[in-house]
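Notes for the structure review
This is what each chain is made of:
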Amino acid sequence: MTEDPVARYKELLETAHHAARAHSEHERRRAVDLVAEINAADQRVTAAAKAQAQVDGEINAWWRQVITAAGDLKWLTTTPRPTPDPSANPDQLRDYLRQIEPATKEFNTTLRRAIWPRRI
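What you see is a predicted model; the values in this text were computed from it and never measured.

On to the pattern of salt bridges. Under the criterion given, the structure shown has seven salt bridges. Between Glu25 and Arg28 there is a salt bridge, with its nearest N and O atoms 2.7 Å apart. Of this pair, Glu25 and Arg28 are both found in helix H1 (residues 5–70), three residues apart, which corresponds to roughly one turn of the helix. Of the residues examined, Glu25 reaches a relative accessible area of 31% and is grouped as partly exposed. Arg30 is the partner of Glu27 in a salt bridge, and the nearest nitrogen-oxygen pair spans 3.5 Å. Of the two residues, Glu27 and Arg30 are both situated in helix H1; the distance of three residues between them amounts to about one turn of the helix. Under the relative-accessibility criterion, Glu27 is labelled partly exposed at 30%. Connected through salt bridges with shared partners, the residues Glu25, Arg28 and Arg29 form a single ionic network.

Parameters and conventions
- Residues numbered from 1 in each chain as written.
- Predicted model: local features only at pLDDT ≥ 70, side-chain atom pairs only at ≥ 80, totals over all residues.
- Heavy atoms only, no water.
- Salt bridge = Lys/Arg side-chain N within 4 Å of Asp/Glu carboxyl O.
- Helix = DSSP H or I, 4+ residues; strand = E, 2+ residues; numbered from the N terminus.
- Buried < 20%, exposed > 50% of the residue type's maximum accessible area, 1.4 Å probe, protein only.

Below is the structure:
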């Protein structure tokens, strides 16, 4: 450290410039990281929306199949498609979907048995 006030001022000024450059670089890296995180989150949201649309399509198709099968039967009242269960575990979605097809087949089989004697 020097006793010369001008030299001391220059040292302090250089330290301040160095700190400003380091802060600027830190903020630039931080901005780049945040943009990357935002892009990754946007991709996850897009993928989730696509997956949701696919699942909605599958569920709607199964529901239409059930309604179509029961549509001609006056004694069977149909209701709107059930709403999603908010307490369902999203990690088990594939398990839930695997349960729908056998249940739909069982419904159709039971429905055929119920109406078969009436059609003869």
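Read on for the rest.
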